[in-house]
Every structure is written in C-alpha cells, then in structure tokens.
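Here is how the chains run, residue by residue.
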Amino acid sequence: MSENKDNRDNQNQEEIRIYRQRRVDQFRMRIEEDEPAVSESVSGSDYSDEISSFSDETTRAQIERDSKRELRRQRREEKKIRKVKAGQNKKVYRISWIAIVIILSIVVSQFLIIGSNDFLAINRQDEAPATIIIEADDSVPDIAKKLEQKGVINSKGFFTLFANLTGKADAVEPGVYQIPMNKDYLAILNHLEYTGNRQTTITLQITEGTNVRDLAHLLYESGVTYDMDEFLRLCNSNEFDEDYAFIGDIEDNPNRIYKLEGYLFPDTYEFYVDEDPKLTISRFLDNFEARVYENKFEVKGYSEPVSIIELINAKHDYTLDQIVNIAAIVQGESANSEEMFKVSSVIHNRLDYGSQYDIHTLGMDSTAYYPYKNADSVPKEELENFVSTYGTYEKAGLPPGAINSPCADALIAAIAPSETDYLYFCHGVESDGTVTSYFASDYSTHMSNLSKAGLN
C-alpha cells in the first residue's frame, strides 16, 4: 500500500515536471488528448489507472498555484514597465513644464521691465507738450492709443492696465490737452483729470498756400473738428451760396474738386474744440470777405489805398474766381512776396500772348499733383498712374479751380503783376539753403538759367 502511494507521488511529480516544461514551450495542455503520451513517456507501458491520477486534487491544486504565481509574476513585470514609462513621462512633463515656466517668466519680466520703465517715464526727458484730443466716446484703450501715437507713453497695454486698476481714467473729460512728454502714468492721468488743463478753444495759424485737404487734416489733428469727411464735403457743396455772394457767383465745373478751394483765407483763428464744421468754414469765408471787400492796401500805381475787389473791378480783365485761381498758382510758385509780381507777370504773359512764341500752356509745377500738394503727398498706390485734372503742362489755360489758399499779397500780385516780358522762370537752391530765382524772356536764356540753377 505504501509502495503504491510512493509510486503515485513519484508519478505526480513527474507529471508536474512535464506540465511545467510544456508551459515553458508555450503549449496548451489538453489532458484528454495527451494522457497516453504522458504515460508512455513515463514508463513505456499502459498506465490507464495512473493517468487519471493526473487530474487528482493534489496535482490540480499545484497547477493552479503555479499558474497564479506565473500570473502574479507577469503582472509585476507589467507594473514595473508601466512604472518606468510613467517615470519617463513624468520626467518629460516636468522638463516641459519647467521650460514653459522659464519662457513665461522671461516674457513677463520683459513686459514688467518695459512697463515699469514706461510707468516711471524713464528715458522720456522731452518737456515739450503733445496735443491730445479726447473725444466723448473714447474708451481707456482709445486714450492709451492716442497717447502712444503722440509719444507721451510707450506701452498702451500697460497704461490701459494701470488706468483701469486705478479707475482714474473715468474722470477724464472730452477736450484738447497739452501734455508734457516727460510725465509718468499717474501724472498723465492727473493732468487729464484736472479740468483746468482742458482747452475749450484752440488758436490755430493757417499758413499761406495750405490746400483744403491739408487744412482738413490740420483741423482734425488740432481738435477743431472731429468730422474731417463732413468738412471736406462742405468744401465742395453749395451750402454757402446764399450767405456769401462771391461763392454763389462761382460757375459750376464738374472738374473742380473743391468749390471753396482758395476762399478759406489763411490767417490766425480761434476755434472751439470740436465745433461744427459749417461754423469753421464760415469763419474762413467771413475773413476772406473782409480781406477782399473791406480791407484797403497800398498798391503801386494807385494814389490811395484800395480794396482787392476795387482792383478787380478797375481792371475788368478777370473775375474774382479767376483772380483767386491765378493767385493760388502765384502763391505756390513764388519763393517770397517780392517775386510774386514777377511770377504773376509770367502767368499773364503766357495767357495773353504765349501762343505767339509757341507756348500754349502755363506749365506750372504747383498744379501737377492737385488735390495733393506735391508728389510726396500722393498715396503710393496712386502715384505711378496719377494724373491731375488741374495739371497745366498738357492743358491750356487756367486749372478748373484754385490749388490752395493764397494770401492778400498773392491776390494783389494776380491783379497787378509787374510789367515784364518774361515767359519763363525757375528756382535754384544754393549751398546755404537760400533760393535764387531766374527769369527769362526766351527759351535759350531759360535753358541757361536751368543750368545755373542745377536743374539741367
């Protein structure tokens, strides 16, 4: 009995060994199919009784224990692999996070350095004031943008942040302000907050030869008008015909760009901040009317002072609008008031008898780029193919209208030019910056003058 038990135990151990070997070789054991082979490999005899012992409880329990141990081992290996991968991922994540933090730190530090320098007005030493126009619907970013554009601050974003945090921008009233360029943020806001710094009127000097477009920009930038488009529209309208007879007398011309060009008299004016453009234009026209119809001037050939309109009526050669047209060219072509009368003589001589010398146009440079003042004023996208309808090199006679706002001297010169036979003139700039004028009665002399002026 004991011998049978020992044989059975030995057989069980051998079967377990075979099972493990087959597990190593990754074969799935199928007991019912492999039992003969197992018996045969053990003893080479028919052990049908012993084969069934492979399935006894002891063997099966041992197999289950081994299987569980193997499964636990595999799980431990998988866990180790996952842990290694997790550690690697964590390391990459940590490095990435550190890099992001460093980059953000650099950006923020740069922003803070720039902002703090701007906040404290460091490196802004200029005490000259900048004109800042605050409109009624301006937000804090709008105000900051205007301050940045004028060079009062360098960072509109930082200023906006500061103004919102302090809440001081809420007290800023619309108006025109003169702000020194060397103030820090708090001083700027205090300056804007104090109503005593807000201008309600603006004194502005309009220089001779300013055209309508440049005048519109000047009025806008100075805070006289916030509606530049409306100002330009009114300058080419009939809305002033009834109030000013000299405007109503202007003949309609579809090629005329601005009807009021030439009549917005250059002078020093006092305007309200953001005043009605119609009121602004009325100021110019009132002044023109006074200068032309009321003011008296000393004129060569007249024993007593006369008004401009009296000179025009005495000559009977040109209408007021034509005189304004000629005067605008005289203004644009003359280096000074003294030579206006000679320049005017060239214009009149060409109009009167230029064709006798094969001169059929005025050929004046000042008309070539109207409604712009010169080539530099023409938008780049227009310049290449730009042709002015006011050009006097190809078209005979006067332009469709004036090209700028002439002064009183130019108006008088247009009416009473010097008595010359000049048909040509040119200007040369000397090394010291002075302008020399050359006049000629014939073409050959004119060509010589061009060489002297460095133009040929």
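Residues numbered from 1 in each chain as written. Predicted model: local features only at pLDDT ≥ 70, side-chain atom pairs only at ≥ 80, totals over all residues. Heavy atoms only, no water.

Peer 1: Please give an account of the overall build of the chain that cites residues and values.
Peer 2: If you tally the helices and strands in the chain, you get 17 helices and 6 strands. For the chain, the residues scored as buried account for 39% of the 456 residues in total. At a minimum sequence separation of 6, the contacts of the chain that also span at least 24 residues come to 62%. Of the roughly 26900 Å² that the chain leaves accessible, carbon and sulfur atoms contribute 48%. (Helix = DSSP H or I, 4+ residues; strand = E, 2+ residues; numbered from the N terminus. Buried < 20%, exposed > 50% of the residue type's maximum accessible area, 1.4 Å probe, protein only. Contact = heavy atoms within 4.5 Å. Areas by Shrake-Rupley, 256 points an atom, 1.4 Å probe, with all protein chains shown as cover.)

Peer 1: Requested: an account of unusual backbone geometry, with residues and values cited.
Peer 2: Across the junction of Tyr 370 and Pro 371, the peptide omega takes the value 15 degrees, indicating a cis bond. A positive phi angle is found at Asp 274, which is not glycine, with a value near 55 degrees. Tracing the chain through its elements places Asp 274 in the loop between β4 (268-272) and α11 (277-294). Here the phi dihedral of Asp 358 falls at roughly 60 degrees; this positive angle occurs in a residue that is not glycine. Owing to a relative accessible area of 61%, Asp 358 belongs among the exposed residues under this scheme.

Peer 1: Please provide a residue-by-residue account of helix α9 (residues 228-235), values included.
Peer 2: Turn by turn, an α-helix covers 3.6 residues, leaving residues three or four places apart pointing in a common direction. Regarding α9, the residues found buried are Met 228, Phe 231, Leu 232, Leu 234 and Cys 235. Each buried residue of α9 sits inside an arc of 160 degrees when the element is viewed along its axis, so together they form one side. Where the residues of α9 are buried, they touch α8 (212-222) and α11. (Arc of directions from axis to C-beta.)

Peer 1: With reference to specific residues and values, describe the nonpolar core.
Peer 2: General note: in soluble globular proteins, nonpolar side chains tend to be found buried as a group. Within the largest apolar cluster, 71 residues are counted, with the highest numbers of intra-cluster contacts made by Phe 231, Ile 247, Leu 264, Ile 281 and Leu 285. Sorting elements by how many residues they give to this core places helix α13 (residues 320-333) first, with 8 residues. Excluding its chain neighbours within four sequence positions, the residues that come into contact with Leu 264 are Val 212, Leu 215, Phe 231, Cys 235, Ile 281, Phe 284, Leu 285 and Ser 405. Ala 130, Ile 132, Ile 134 and Phe 159 belong to the second-largest nonpolar core, a separate cluster that totals 22 residues. (Core = buried A, V, L, I, M, F, W, Y, C linked by side-chain atoms within 4.5 Å.)

Geometric values such as these leave the question of function open.
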